[in-house]
Amino acid sequence: MTDATTVVHSYYFWIGIGLSLIASLSSATGLALQRLSHQRNNALPLEEQLPATRQWLNLFGIGLLFVECLFDLAAMGFAPAALLSCMSAMTLVFNMVLAPALCGEVVSRKDLSVNGIVMVGTIMAVWFGPHSTPSYNLQELQGFWASTGFTLYAIGLLLWMGVLLFVHTSLRKEDSAMFQNMDKTTRSQVLRFTYPALAGSIGGNTAIYAKASVELIKTTIAGNNQFIYFGTYVILALVVLCLSGQLYFLNSGLARYESLFVVPVYQVFWMSATILGALFFFQEIQHLSTSHVIFFVLGVTISVFGILLHSTRASPADKEVDSGAGDYVPAAEVTPVKEAMNVMNEYGTEHCGAPLVCGDVDDANSSQGSKKVPLLV
């Protein structure tokens, strides 16, 4: 590789990094606005509460997630997918700033330390990871798709998502025989976990197919039209399908649980699925030296460890939700209005709405009046 080519690749690489940072900021802002929208809606009188599709702040937040996707797509044309997935961890750093500012969620010293760990891992992964990405045509992508490594990875990922979806749907059923012996709190915690886990696992597929789409666009711009083939439209359809599932589970999770839990778990699975998909599909580390591979994997591991530390924090959403008749109502089946009525019946009107996450809360049973709800352990 000539010096001029190296300079061009380095230039493209930093463009990709910059676009990825903008995408992370858009993502964190969109998630925070969605959470804020749900909080404000749940604080309204029951007759004034609106569905998520009619909350303008929630829709604006979803719009920012689409903006994130556009910047992520653009970034994938300049940098490898495995590297950009590590950059997505910066969403946590932005989220740590925006969640307290917009939603009033409390950030502790532990959160600051954990975000420091995430940043160290991200910097290490970016420094030692792959820095260039070639262009591919549809025939080459089909060859990657049919490779043994990616086939085994795809089977494993589908089995994992199938288990998650089975657990998720079973927990939503009140009379599910599978989890009858599980206590209510554990059921709530497991269900809370499945939302971001499913969103992130599906999102990893979104990223891989989006990367493939960008490569086809690059090849078309270079003069080799790839949009005359049916396979190109199949890949584009997979992007839309996976993105829809990703946003559905992510938004559903944010509607019920605080973003400082949902976002970290989502990031872990999104990053892991994207990195593994990029490695098995695009084989992006095959040109790296052994030392660079080791430090890249170490950086990714540090980032994932830091993100997992985020998800160990306690959540107010762990409170059990019962119906007025005393029967357990699975969390995913409780609409914002039903949830508010259920919680009010059990805990009183001072706890109306979705799981409490921010703001001053009047405690009718306390002589101290207004107090701040502690969120972090």
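Structural notes, computed from the coordinates. (Residues numbered from 1 in each chain as written. Predicted model: local features only at pLDDT ≥ 70, side-chain atom pairs only at ≥ 80, totals over all residues. Heavy atoms only, no water.)

**Considering the overall build of the protein**
- Helices and strands together make up the secondary structure of the protein, namely 12 helices and 2 strands.
- For the protein, the N- to C-terminal ordering of α and β elements is α-α-α-α-α-α-α-α-α-α-α-α-β-β.
- Among the 377 residues that make up the protein, the fraction classed as buried is 51%.
- Of all intrachain contacts in the protein linking residues separated by at least 6 positions in sequence, the fraction that spans at least 24 positions is 80%.
- When the accessible area of the protein is evaluated, it comes to approximately 17,200 Å², of which 67% is carbon and sulfur surface. (Helix = DSSP H or I, 4+ residues; strand = E, 2+ residues; numbered from the N terminus. Buried < 20%, exposed > 50% of the residue type's maximum accessible area, 1.4 Å probe, protein only. Contact = heavy atoms within 4.5 Å. Areas by Shrake-Rupley, 256 points an atom, 1.4 Å probe, with all protein chains shown as cover.)

**Quick look at the nonpolar core**
- One finds Leu141, Leu250 and Phe282 to be the most contacted residues of the largest nonpolar core, which totals 74 residues.
- Excluding its chain neighbours within four sequence positions, the residues that come into contact with Leu250 are Leu31, Leu65, Ala199, Val262 and Tyr266.
- Residues Leu33, Leu36, Leu64 and Cys103 belong to the second largest nonpolar core, which totals 5 residues. (Core = buried A, V, L, I, M, F, W, Y, C linked by side-chain atoms within 4.5 Å.)

**Overview of a nonpolar patch on the surface**
- A contiguous nonpolar surface patch, about 320 Å² in accessible area, is contributed by Leu152, Ile155 and Leu159.
- For Leu152, the location among the structural elements is in helix α7 (residues 148-172).
- Given the relative accessible area of 58%, Leu152 is considered exposed. (Patch = residues over 30% accessible without salt bridge, like charges linked within 9 Å, V, L, I, M, F, W, Y side chains within 5 Å. Salt bridge = Lys/Arg side-chain N within 4 Å of Asp/Glu carboxyl O.)

**Re helix α8 (residues 184-221)**
- In this model, α8 (38 residues) spans 55 Å end to end at C-alpha, consistent with the 56 Å of a helix rising 1.5 Å per residue.
- The buried fraction of α8 amounts to 28 of the 38 residues, a majority that puts the element mostly inside the structure.
- Just downstream of α8, Gly223 is the residue with a positive phi angle, here 115°. (Expected span 1.5 Å × (residues − 1).)

**Quick notes on the environment of Ala75**
- In this fold, Ala75 is placed in helix α2 (residues 56-76).
- Linking Ala75 and Leu19, residues 56 residues apart in sequence, is a C-alpha distance of 5.3 Å.
- Ignoring any residue separated from it by four or fewer positions in sequence, one finds Ala75 in contact with Gly16, Leu19, Ser20 and Leu84.

**Things to note about the packing of helix α6 (residues 138-145) against helix α9 (residues 230-256)**
- Close contact between α6 and α9 brings their axes to 10 Å; oriented N to C, the two are set at 60°. As far as their axial angle goes, α9 and α6 are oblique. Judged by the sense of rotation from one axis to the other, the crossing of α6 with α9 is left-handed. Residues Leu138, Leu141 and Trp145 of α6 pack against Gly231, Thr232, Ile235 and Leu238 of α9.
- Looking at the contact of α6 with α9, its residues break down into 5 nonpolar, 2 polar and no charged. (Axes fitted to C-alpha atoms, helices over the stretch in contact; angles between N-to-C directions. Parallel < 35°, antiparallel > 145°, perpendicular 65-115°, else oblique. Left-handed = near helix turned anticlockwise from the far one by under 90°. Nonpolar A, V, L, I, M, F, W, Y, C, P; charged D, E, K, R; others polar.)

**Overview of the environment of Gly116**
- Positionally, Gly116 belongs in helix α5 (residues 109-128).
- For Gly116, a relative accessible area of 31% translates into the label partly exposed.
- Taking the C-alpha atoms as reference, Gly116 lies 9.5 Å from Ser303; in sequence the two are 187 residues apart.

**Brief notes about the packing of aromatic side chains**
- The full count for this structure, using the stated rule, is 17 aromatic pairs.
- Aromatic pair Phe13 and Trp14: ring centres 5.0 Å apart, planes at 70°, arrangement edge-to-face.
- Measuring from ring centre to ring centre gives 5.8 Å for Tyr136 and Phe282, while their planes differ by 35°; the resulting arrangement is tilted. With Tyr136 in the loop between α5 and α6 and Phe282 in the loop between α10 (259-281) and α11 (290-310), this residue pair connects regions lying 146 residues apart in the sequence. Each member of the pair, Tyr136 as well as Phe282, carries the same accessibility label: buried.
- Ring pairing ties together the aromatic residues Tyr136, Phe144, Phe150, Tyr153, Phe280, Phe281 and Phe282, which thus form one cluster.
- The positively charged end of Arg192 is found above the aromatic ring belonging to Phe261, 3.8 Å away from the centroid. (Phe/Tyr/Trp six-rings, centres within 6.5 Å; stacked < 30°, edge-to-face > 60°. Lys NZ or Arg CZ within 6 Å of the ring centre and 35° of its normal.)

**Some details on the pattern of salt bridges**
- Considering all chains together, one arrives at 2 salt bridges under this definition.
- Linking Glu215 and Lys211 is a salt bridge whose minimum nitrogen-to-oxygen distance equals 2.9 Å. In this pair, Glu215 and Lys211 both sit in helix α8, 4 residues apart, roughly one turn of the helix. The two residues Glu215 and Lys211 agree in class, both being buried.
- In this structure, Lys218 and Glu215 form a salt bridge, with 3.4 Å as the shortest nitrogen-oxygen distance. Remark: Glu215 and Lys218 occur in helix α8; sequence separation between them is 3 residues, near one turn of the helix.
- Owing to a relative accessible area of 22%, Lys218 belongs among the partly exposed residues under this scheme.
- When salt bridges that share partners are traced, they join Lys211, Glu215 and Lys218 into one network.

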